[in-house]
Amino acid sequence: MRTQVAIIGAGPAGLLLAHLLYQHGIDCVVLEARSREYVENRVRAGVLEHQSVDILNAAGVGARMMKEGLLHHGIHLNFGGESHRIDFEALTGRAVMIYGQQEVVKDLIAARLAARQPLIFEADSVSVHDFESDSPQVRYSIDGQARTLECDFIAGCDGFHGICRSSIPAAQLNVFERVYPFAWLGILAEMPPAAEELIYANDDRGFALLSMRSPTVSRLYLQCHPDEDPAKWSDDQIWGELRTRLHVEVPGGPVLQKSVTPMRSFVAEPMRFGRLFLAGDAAHIVPPTGAKGMNLAIADVQVLARGLQAFYREGSEEDLSAYSATCLSRVWKVQRFSWWMTSLLHRFDDETPFDHRRQLAELEYLVTSRAAAQSLAENYVGLPLAH
Ligand code: RFL
Ligand code: PHB
């Protein structure tokens with residue numbers, strides 16, 4: 001089989017890239033290791049920057065998001081027993097959209113299948129070859145049958161644990177990494193949101209976050225140890241801890257899902273090697289505190305789709321050559337913001353009383369200085385996309 005662009009991974013990066021290419025008449029095949037059911041039900045991110053919303057709308061896949069998503073004009077920072085609102089609308093004129101990543105994924109899968117374009121689930125033993133030449137190949141198997149896909153380019157959209165990044169010779173990649181000494185215990189619960197907007201709390205017992213998915217489903221997180229076993233936390237314990245740390249009335253309700261997410265900052269440079277392009281979590285990871293992972297994936301593929309369009313339309317390689325540098329300049333700003341939000345809101349095992357006082361002073365500054373609040377707000381709603 002032959003295609004123009006082989007896309008590895010059907011997360012937000014791979015599926016949106018496929019859709020943007022399809023809209024410009026560029027052929028691609030998406031290969032996904034998991035089943036459709038699995039990827040459609042994987043609970044992850046929930047916040048879309050305003051530009052991510054615009055990109056999904058412009059691509060014609062935003063109708064359900066606009067109907068079911070929740071537009072938020074601010075967040076709350078709770079600390080020292082008080083709640084402070086950061087007003088995005090007043091500070092930036094922008095808002096963010098609360099809409100689950102798995103809903104974005106469902107909408108993109110529906111669009112691809114409606115267009116009768118190839119999207120192959122449960123592809124085994126996927127491997128990438130000859131991407132230093134002009135005729136790369138992807139090998140995989142389906143139901144035990146080996147297949148080869150010949151292509152012009154490979155898009156590595158296969159997440160942090162995928163095979164694309166690790167297929168690049170290690171000596172050719174610069175890796176920058178920070179692993180945090182804590183994780184998030186996340187729950188999805190059948191409970192109407194206990195507040196209208198997201199609450200980020202810095203409490204003496206650790207960080208907590210109140211988020212949501214719909215008028216009847218809430219998403220909540222607690223800072224915990226990285227090796228914490230979620231099964232050891234009873235539902236009552238979780239609700240109790242959330243009430244203590246958030247300082248709000250949380251009624252509780254049936255817990256639908258429980259998991260522990262480690263926290264890491266990671267960047268691999270460059271994001272291109274020959275005809276293999278990395279996008280999304282395959283190239284970089286941010287700790288979830290700034291709500292940026294899915295948005296970075298969307299921004300990357302927007303840049304990659306434009307580069308591929310210029311290549312096929314005009315034979316120009318200029319934008320593709322600039323792909324890595326264009327993405328990385330935004331990636332590093334978003335890394336900084338995600339690291340900063342994480343440092344501001346969590347308890348660190350090795351923190352000194354000085355560190356703690358400094359953290360509280362920074363929070364005070366943030367909620368009393370328009371300049372400081374505006375800096376948070378403009379990063380949270382999303383920095384401008386590269387052109
Ligand atoms: P994904 O979503 O991981 O998709 C990669 C896909 O590749 C497949 N795959 C393979 N396919 C074929 N062959 C192989 N060898 C393969 N290996 C892997 C995988 O099965 C998968 O389907 O990466 P992508 O598309 O780059 O998207 C990135 C986002 O998923 C991620 O950054 C966000 O979820 C991060 N994140 C958040 N991002 C936000 O923007 N806002 C948030 O509020 C937010 N909250 C979160 C988050 C991530 C979390 N977790 C669990 C990591 C909250 C959490 C708890
Ligand atoms: C979520 O709703 O899952 C969520 C919201 C904000 C974050 C991280 C995760 O910073």
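Before any of the text, the structure's been laid out above.
What counts, and at which threshold
- Residues numbered from 1 in each chain as written.
- Chains lettered and ligands numbered in written order.
- Predicted model: local features only at pLDDT ≥ 70, side-chain atom pairs only at ≥ 80, totals over all residues.
- Heavy atoms only, no water.
- Near = heavy atom within 4 Å.
- Polar contact = N/O pair within 3.5 Å; in protein donor to acceptor, adjacent residues only side chain to side chain.
- Areas by Shrake-Rupley, 256 points an atom, 1.4 Å probe, with all protein chains shown as cover.
- Nonpolar A, V, L, I, M, F, W, Y, C, P; charged D, E, K, R; others polar.
- Helix = DSSP H or I, 4+ residues; strand = E, 2+ residues; numbered from the N terminus.
- Buried < 20%, exposed > 50% of the residue type's maximum accessible area, 1.4 Å probe, protein only.
- Pairing = 2+ DSSP bridges.
- Right-handed = clockwise from strand over helix to strand, strands pointing away.
- Axes fitted to C-alpha atoms, helices over the stretch in contact; angles between N-to-C directions.
- Salt bridge = Lys/Arg side-chain N within 4 Å of Asp/Glu carboxyl O.

Student: So what's going on with the site of ligand 2? Which residues, and what values?
Tutor: Of all residues adjacent to ligand 2, which total 14 residues, the nearest are Y200, S211, R213, Y221 and P288. A291 places a main-chain nitrogen or oxygen 3.5 Å from an oxygen atom of ligand 2. With the chains in place, 96% of the 280 Å² that ligand 2 exposes on its own is no longer accessible. Its residues placed into classes, the shell around ligand 2 shows eight nonpolar, three polar and three charged.

Student: Break down the site of ligand 1 for me, with residues and values.
Tutor: By nearness alone, 35 residues border ligand 1, and E32, R42, Q101, D281 and M294 come closest of all. One of the side-chain N or O atoms of R44 is found 2.8 Å from an oxygen atom in ligand 1. One of the backbone nitrogen or oxygen atoms of G293 is found 3.1 Å away from a nitrogen atom of ligand 1. If ligand 1 stood free it would expose 1,000 Å²; the protein chains cover 88% of that surface. Breaking the shell around ligand 1 down by element, the ones donating at least two residues are α1 (12-23), β16 (217-224) and α9 (293-314). Examining the composition of the shell around ligand 1, we find that four residues originate from one element, α9, more than from any other. Considering only residue class, the shell around ligand 1 consists of 17 nonpolar, 10 polar and eight charged.

Student: Before we move on, can you summarise the pairing of strand β2 (residues 28-31) with the specific residues and values?
Tutor: Burial along β2 is two-sided: the residues C28 and V30 and V29 and L31 are all buried. Pairing geometry for strand β1 (residues 5-8) and β2, over four bridges, is parallel. Looking at the pairing, I7 lines up with V30 of β2. Considered for its hand, the β-α-β crossover made up of β1, α1 and β2 is right-handed.

Student: Any details on the sheet that holds strand β9 (residues 124-129)? Residues and values, ideally.
Tutor: Ordered by their spatial adjacency, three strands build an open sheet running β9-β10-β11, and the pairing between neighbours is antiparallel. Looking at which strands have only one partner, the edges of the open sheet turn out to be β9 and β11 (145-150). Here the average twist between neighbouring strands, direction ignored, is 15°. Two elements, strand β10 (residues 137-142) and β11, share six bridges in a ladder whose sense is antiparallel. Bridged to Q137 within β11 is E150.

Student: So what about the pattern of salt bridges? Which residues, and what values?
Tutor: According to the stated counting rule, one finds 18 salt bridges in the structure shown. One salt bridge in this structure joins E103 and K106, with 3.3 Å as the shortest N-O distance. Taken as a pair, E103 and K106 lie in helix α6 (residues 101-114) at a separation of three residues, close to a single helical turn. Given a relative accessible area of 17%, E103 falls into the buried group. Exposure remark for K106: the relative accessible area of 26% places this residue in the partly exposed category. One network of salt bridges, in which partners are shared, links R64, E68, E103, K106 and D107.

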